[in-house]
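# Commentary on secondary and tertiary structure
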Amino acid sequence: MAERVEQRLEDRIPELEQLERVGLFTRREVRAVLRKASALEYKIQRRALRKEDFINYIQYEINLLELIKKRRARIGYSFKKDEIEYSILHRVHSLFNRATGKWKDDLQLWLSHVAFCKQWNAKHQLSKVFSTMLAIHPNKPALWIMAAKWEMETRLSSESARHLFLRALRFHPECPKLYQEYFRMELMNAEKQRKEKKEFEQAKMDLGELNYSEEILNGEMARIIYRDAAEKIKGVEFHLAVLSIAKLFDFTQDLQKEILEGLQTKYADDPLTWDYMARRELELGSLQSTEHTTKQMKVSEMTQREERCCAVFEEAVRAVPTENMWKCYITFCLERYNRKTNSEELKQKRLERTLSAFNKAHEASLLPETLYKQWLQVLLESNLSEKATEVAEAATKRFSLSVEMWKMRLQVLIQLKSDDVTQCFEEAIKHVKSKGTLPLWTLWVEWSEGTNSKEDTEALYQRSLHATTPAESVTMKEKYLDWTYRSGCYKKVKRVFTSLCENRPFSLDFFRKMIQIEKEQESCKMHHLREYYERALREFGSTDSDLWLDYIKEELNHPQGKPENCGSIHWRAMKMLQGDLVETFVSKYTLLQTGHL
C-alpha cells in the first residue's frame, strides 16, 4: 500500500514543480499540497474503503483546480495547462471512476461526475460516463433524457440523441416524458435545419452534397413519434403536453391541428379537453397592436375574448356536468378576476362572471368543497356580506360533517360581527364528531376571549377539555393556562395548573409554560420550580435530555437553588434517559461543568 501511495505522489511531482516554477504556488504551498495529497491517498488505498474519503479527495482536487484558475487570472498566465490542469483533471476522473465502480447504485456520485465533466468541458469523458451510467441505471428515464439533451444541445448530434431516445423507449415503452422530450428534440432538429437551409439560400451558396430532407424540415419525424405515442399512452395530459411543445415552433400548424383533432375525438368528455378548448379562445383573433389601437378598443377586445371562453365553458358544463368540469370553469373565472386591470368595466364584468359561475355550480350541487372558501372570499372582498352569510350557511348544510366548512362559516360570522356566532358554534359542535373538532374549539375560545366575560370564557375552556379527544385536549390545556395568566393573577394560574395536572395527557410546552410563568414572578420560588420540573420529568424524563439540563441549571443559578442536588439529578437522568439521549446528555453536562453551555 505504501509503495502505491509513494508512486502516486511521485506522479504529482511534475505538475507541482510546474506550479512553483511559473509562480502560481510558493514552495511552502507545494509542500502543503503534497502533505494533504499523501493523507488523502492513504485513505483511499485501505482495504475497507469509505465513500466519504473518495468524495473528500475529489472535492480537494476540484478546490485545487479552482484555486489555480483564480491564480492564473490574477497574474495573467495561461500556459502549461497540459502539464498542470490536465494532470489533475485526469486524476479526478480516475477517482470518480473508482468511486462509481465501487458504489454503482449511488446516483448522486454519477451525477456529480456528469456535472464535473460539464464544468470542465470534458466532452469525450462525459460521453463515456453517460454510456456506463445508462448501462447500470437503464430504469431511470430522466438520465436518458439528460444524456440525449447533451448530445443534441452540446455535441449538436441529433443522430446520437435520436439513438439514445430509441434505446430509452425500449426500456420504457410507455413513458410520457420520454416521448415528449423525443418529440421536442425532433422539432428542434427540424428548426435548426430550416434555419441552416434558409441561411445558405440567402447567401446564395451551393448546397452541394448537403441534402435537407423535406420530411425532417416539416416535422414529419415528430408526427411519427406523436402517432406512435398516442397509441400507447392514454390520457389527455400527454396530448396537451405535446401540443404545448408543438406550439413553440412556427412550422407545426398541421401537426397542431392533428393533435387537437385526436384530443377532441378520443377525449371529448374529459374536462381538461374542454378547459383547453375554452382557454384557446383567449389566443384566437387578437387585435394587431397599432398606433390607432385605443385603450377602450383593447378592453372591448379582451371582454369579447373572455366571453367566448365562457361560452365554451358553458357548453362544457352542459355536456360534462361534473365537479371537475365546474372546477375548471371557476378556476378560469378566478384567474381572470384576479388579473390586474385599470378598467372598472372589465373588472366588474369579471366579478359578475365569477359569481355567476359559483352560483350555477352551487345550484347544481356540483361545487367542490374546496371552492366554497374562495367564493366567500370574493363575496367579502366585494362587500356582499348578506350573500356571504347565505353561502356559508348553504355550505355547512351540504357538507354538514366538514370541520373546515363550519370553521369557514364561523369566520364569516365573526368578521361580520354577527349576533349568531354562539348559536353557530353550538350547531357546529352538535354536527361534527368530537374527533377533529380542535380547530372549532380553538376558534371559539379565541373569539370568546375578545368578546365574552372572563367567567364565560373560562367555562368554555373547561367545556372544551371534556369535548375534545385526549390528544386534542393537550392544546386546549396549553391555551387555557396561557389565557389564565394573561387575564388573571398568579394564584389563579397555579390553581388551574394543579387542576389540569389531574388528567393526562400533557405536552412538554404545558410544563415549560408554567416554569416560565414562575420565573416571571418577582418572588420566583425554587420549591415551586422543583415541583414543576418534577411533574414534567415524570412525563418526559425518558425522552428529553434538555429538561434535565435546565433543571440542573436552575439549581445552580437560582438564589434559592441547591447545587448539591445536581449530582442526584444527574444520576436520575442517566437512569431514565433512553438510547442515544444518554450520550447527548453527558456531552452537554460536560460543557455545562466547563462553563461552555
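Treat the numbers as computed from the prediction; the structure is a model and nothing was measured. (Residues numbered from 1 in each chain as written. Predicted model: local features only at pLDDT ≥ 70, side-chain atom pairs only at ≥ 80, totals over all residues. Heavy atoms only, no water.)

### Let's talk about the packing of aromatic side chains
What counts, and what does not: Pairing of aromatic side chains here covers Phe, Tyr and the six-membered ring of Trp, requires ring centres within 6.5 Å, and sorts the geometry by plane angle: under 30 degrees stacked, over 60 edge-to-face, intermediate tilted. Going along the chain from the N terminus, every DSSP run of H or I of four or more residues is numbered as a helix, and every run of E of two or more is numbered as a strand. Think of it in three bands: with a 1.4 Å probe and only protein chains considered, a residue is buried below 20% of the maximum accessible area for its type, exposed above 50%, and partly exposed in between.
For the structure on display, the rule yields 27 aromatic pairs. For the ring pair Phe 425 and Trp 447, a centre distance of 6.0 Å and an interplane angle of 40 degrees mean the geometry is tilted. One end of the pair, Phe 425, is in helix H21 (residues 421–431); the other, Trp 447, is in helix H22 (residues 438–451), and 22 residues separate them in sequence. Exposure remark for Phe 425: the relative accessible area of 0% places this residue in the buried category. We classify Trp 447 as buried; its relative accessible area is 15%.

### Considering helix H24 (residues 470–487)
Stated formally: Any helix carries an expected span of 1.5 Å times its number of residues minus one. Pairs of residues are marked as contacts when any of their non-hydrogen atoms sit within 4.5 Å.
Spanning 18 residues, H24 covers 25 Å between terminal C-alpha atoms, matching the ideal 26 Å at 1.5 Å per step. Those residues of H24 lying buried are Glu 472, Ser 473, Val 474, Met 476, Lys 477, Tyr 480, Leu 481, Trp 483 and Thr 484. In this fold, the buried residues of H24 make contact with H22, helix H23 (454–467), helix H25 (490–500) and helix H26 (508–519).

### Considering the UniProt feature "domain: U3 small nucleolar RNA-associated protein 6 N-terminal" (unreviewed entry) in the protein chain
For clarity, the threshold we go by: UniProt positions are given in the numbering used here, feature names are shortened, and annotations may be inferred rather than shown by experiment.
Mapped onto this numbering, the UniProt entry annotates "domain: U3 small nucleolar RNA-associated protein 6 N-terminal" (unreviewed entry) at residues 9–91. Between the first and last C-alpha atoms of residues 9–91 the distance is 12 Å; the span itself is 76% helix and 0% strand.

### Quick notes on the packing of H22 against H24
Using the following cut-off: Note on method: axes are straight lines fitted to C-alpha atoms, helices fitted across the in-contact stretch only, with angles between N-to-C directions ranging 0 to 180 degrees. Comment on the angle field: the value is read as roughly parallel under 35 degrees, roughly antiparallel over 145, roughly perpendicular from 65 to 115, and oblique elsewhere. All residues other than Ala, Val, Leu, Ile, Met, Phe, Trp, Tyr, Cys, Pro, Asp, Glu, Lys and Arg, Gly among them, are scored as polar; the first ten of these are nonpolar and the last four charged.
Put simply, H22 and H24 touch, their axes get as near as 10 Å, and they point 10 degrees apart. With respect to H24, the element H22 is oriented roughly parallel. Taken together, the residues of H24 that come into contact with H22 (itself represented by Leu 438, Trp 441, Thr 442, Val 445, Glu 446 and Glu 449) are Glu 472, Thr 475, Met 476, Lys 479, Trp 483 and Arg 486. Split by residue class, the contact of H22 with H24 holds five nonpolar, two polar and five charged.

### Focus on the nonpolar core
Rules: Throughout, nonpolar core names a set of buried Ala, Val, Leu, Ile, Met, Phe, Trp, Tyr and Cys residues whose side chains join them through atoms within 4.5 Å.
Residues Phe 183 and Tyr 372 are the most contacted members of the largest nonpolar core, which totals 95 residues. Broken down by element, the residue count for this core peaks at nine residues, all from helix H16 (residues 323–338). For Phe 183, the residues in contact, after removing those within four places along its chain, are Ala 222, Ile 225, Tyr 226, Val 242, Ile 245, Ala 246, Leu 255 and Ile 259.

### Quick notes on the environment of Gly 262
Within the element layout of this structure, Gly 262 appears in helix H13 (residues 253–266). Residue classification places Gly 262 among the buried positions, given a relative accessible area of 17%. Taking the C-alpha atoms as reference points, Gly 262 and Val 496, 234 residues apart in sequence, are found 70 Å from one another. Not counting the four nearest positions on each side in its chain, Gly 262 is found in contact with Tyr 226 and Tyr 267.

### So, the state of the cysteines
Filter applied, for reference: When two cysteine sulfur atoms lie within 2.5 Å, the pair is treated as a disulfide.
According to the stated counting rule, one finds zero disulfides in the structure shown. In this structure Cys 310 is not part of a disulfide, and its nearest cysteine sulfur, from Cys 333, lies 4.5 Å away. The structure places no disulfide on Cys 328, whose sulfur is separated from the nearest cysteine sulfur, that of Cys 333, by 11 Å. Using a relative accessible area of 14% as the deciding quantity, one classes Cys 328 as buried.

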